[in-house]
Amino acid sequence: MLFVDESGDLGIDDIADPGSGRQGSNPIFTTGAVLPKAEDLGVINSGIAELHAIDGFKPHSHKIRKHAAKARVGRELASLPHVATFAFVSDKAELGYYGENLQLKKNGVKGYQRLNDKCLQFLLEQVGQFLEEHSFDESEIHIVVEEAKNIDYLETMRFLTLCRDSPNYGTAHLLRDLPVDRIAPLDKEAAPALFFADYVAHSVYKCFDIGPSTAGLGETRYAEEILVNCYRSQTGPHQGVRLSSTRRLDKLAEREREIVKRFSLSET
């Protein structure tokens, strides 16, 4: 099963600028996923149950305030057998013309819905490429996302199915073996493994969370913990974490830039 979650927000109208202190929606939106083998789900769920006993643990990574507790989650994820992790980073400030279009409501679909769906598409393309490169039983692929109240998942499935069945650009064909027309929105109580997907998205997000509140430095420790699991393509265009624009790298300090590069970034 593939478990998908996100970090950040989908606001696109007024984007915050950490450099100037301008308030607004978060400039970064990340999606993360974990893909374990079906026979390992019991081990994963048991591991998450054990994490609940840690002082300071919360079911959402961004609410875990204790640094050591959050790092412990990453070590637990890294220790799991046969788990691949994936991430996509959207830099809203660099969306350009596409971003302007997102602000327009088209065919009754709001911009934040389209941003969510597009980021999910790019993430799933990485998974599709992974399936091409590894011997993974495609019958095990069932897509589970953490349910968000403001997202219409019927619309998400419609969009992704259209991309899969009528690919208009070179990498959309990577969706062909994925059941994008059968996505299950669940909460973490129903699907505990979503917590690790949440952690992947959050740990990558923290690398880019720079501004006055962080003294201009991103936090890389959590991402470092899960590097061992991060999918890196050896043949295709999608390598490790993908960015909507690698220009965001220029805004990071050297240490954050180097750790993110270790994810084998590729530009969309």
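Refer to the structure above for everything that follows.
This section reports on the structure supplied with the text. (Residues numbered from 1 in each chain as written. Predicted model: local features only at pLDDT ≥ 70, side-chain atom pairs only at ≥ 80, totals over all residues. Heavy atoms only, no water.)

**Remarks on the overall build of the protein chain**
In step 1: Within the protein chain one finds eight helices and seven strands.
In step 2: Out of the 268 residues belonging to the protein chain, those deemed buried represent 55%.
In step 3: A total accessible area of about 12,100 Å² is found for the protein chain, and carbon and sulfur atoms account for 50% of it. (Helix = DSSP H or I, 4+ residues; strand = E, 2+ residues; numbered from the N terminus. Buried < 20%, exposed > 50% of the residue type's maximum accessible area, 1.4 Å probe, protein only. Areas by Shrake-Rupley, 256 points an atom, 1.4 Å probe, with all protein chains shown as cover.)

**Focus on the side chain of Gln121**
In step 1: Tracing the chain through its elements places Gln121 in helix H4 (residues 111-133).
In step 2: Gln121 gets classed as buried once you look at its relative accessible area, which sits at 0%.
In step 3: Not counting the four nearest positions on each side in its chain, Gln121 is found in contact with Phe159, Leu160, Cys163, Tyr169, Ala172 and Leu175. (Contact = heavy atoms within 4.5 Å.)

**Points about the layout of surface pockets**
In step 1: The volume enclosed by the largest pocket comes to roughly 450 Å³.
In step 2: Forming the boundary of the largest pocket are 25 residues, of which Asp5, Glu6, Ser7, Glu146 and Ala148 lie nearest the centre.
In step 3: When its residues are assigned to classes, the lining of the largest pocket shows nine nonpolar, nine polar and seven charged. (1 Å grid on protein atoms, 1.4 Å probe; cavity = no way out; pocket = protein on both sides within 12 Å on 5 of 7 lines; lining within 4 Å. Points joined across faces, edges and corners; volume = space filled by probe spheres on them. Nonpolar A, V, L, I, M, F, W, Y, C, P; charged D, E, K, R; others polar.)

**A word on helix H1 (residues 41-51)**
In step 1: Residues Leu41, Ile44, Gly47, Ile48 and Leu51 constitute the buried set of H1. The buried residues of H1 occupy an angular sector of 125° when the element is viewed end-on, so they sit on one face. (Arc of directions from axis to C-beta.)

**Regarding the nonpolar core**
One broad rule of soluble globular proteins: the nonpolar side chains tend to lie buried together.
In step 1: Counting residues in hydrophobic clusters, the biggest one holds 33 residues, and the most contacted among them are Phe86 and Leu124.
In step 2: At the level of elements, strand S1 (2-8), strand S2 (28-36), strand S3 (83-91), H4, strand S4 (143-146) and helix H5 (153-165) are the ones that each hand at least two residues to this core.
In step 3: Among the elements that take part in this core, H4 stands out by supplying nine residues, more than any other.
In step 4: One finds Val73, Val83, Ala191 and Ile226 within the second-largest nonpolar core, a separate group that totals 32 residues. (Core = buried A, V, L, I, M, F, W, Y, C linked by side-chain atoms within 4.5 Å.)

**As for the packing of helix H2 (residues 67-79) against helix H6 (residues 194-208)**
In step 1: Contact geometry of H2 with H6 gives a least axis separation of 11 Å together with a crossing angle of 115°. It follows that H2 is roughly perpendicular to H6 by the angle criterion. Here H2 and H6 pass one another in a crossing that is left-handed. Contact residues: Lys70, Ala71, Val73, Gly74, Glu76 and Leu77 in H2; Phe195, Phe196, Tyr199, Val200 and His202 in H6.
In step 2: Here the residues of the contact of H2 with H6 sort into seven nonpolar, two polar and two charged. (Axes fitted to C-alpha atoms, helices over the stretch in contact; angles between N-to-C directions. Parallel < 35°, antiparallel > 145°, perpendicular 65-115°, else oblique. Left-handed = near helix turned anticlockwise from the far one by under 90°.)

**Structural notes on the pairing of S3**
In step 1: Burial within S3 is extensive, with nine of its nine residues counted as buried.
In step 2: The alternating pattern of S3 places Val83, Thr85, Ala87, Val89 and Asp91 on one face and Ala84, Phe86, Phe88 and Ser90 on the opposite face, and all of these are buried.

**Observations concerning H4**
In step 1: Taking 1.5 Å per residue as the helical rise, H4 with its 23 residues ought to reach 33 Å, and the 34 Å between its terminal C-alpha atoms agrees with that figure.
In step 2: A large share of H4 lies buried, amounting to 20 of its 23 residues. (Expected span 1.5 Å × (residues − 1).)

**As for the pattern of salt bridges**
Side chains that differ in sign of charge can pair as their charged atoms come close.
In step 1: Evaluation of the coordinates by the stated rule reveals 10 salt bridges.
In step 2: Between Asp5 and Lys188 there is a salt bridge whose closest N-O contact spans 3.1 Å. Pair noted here: Asp5 is in strand S1 and Lys188 is in the loop between strand S5 (183-186) and H6, with a separation of 183 residues, a long-range link.
In step 3: The exposure class assigned to Asp5 is buried, which follows from its relative accessible area of 5%.
In step 4: Each of Asp5, Glu146, Lys188 and Asp198 takes part in a single network of salt bridges with overlapping partners. (Salt bridge = Lys/Arg side-chain N within 4 Å of Asp/Glu carboxyl O.)

**Quick word on the pairing of S2**
In step 1: Along S2, nine of the nine residues are buried, which leaves the element largely enclosed by surrounding structure.
In step 2: Sheet topology note: the S1/S2 ladder contains six bridges and is antiparallel. Among the inter-strand pairings, Asp5 is bridged to a residue of S2, identified as Gly32.
In step 3: As paired strands, S2 and S3 are joined by nine bridges and run antiparallel to one another. In the sheet register, Val34 faces S3, and the bridge partner there is Thr85. (Pairing = 2+ DSSP bridges.)

So far we have only geometry, and geometry alone does not tell us how the molecule works.
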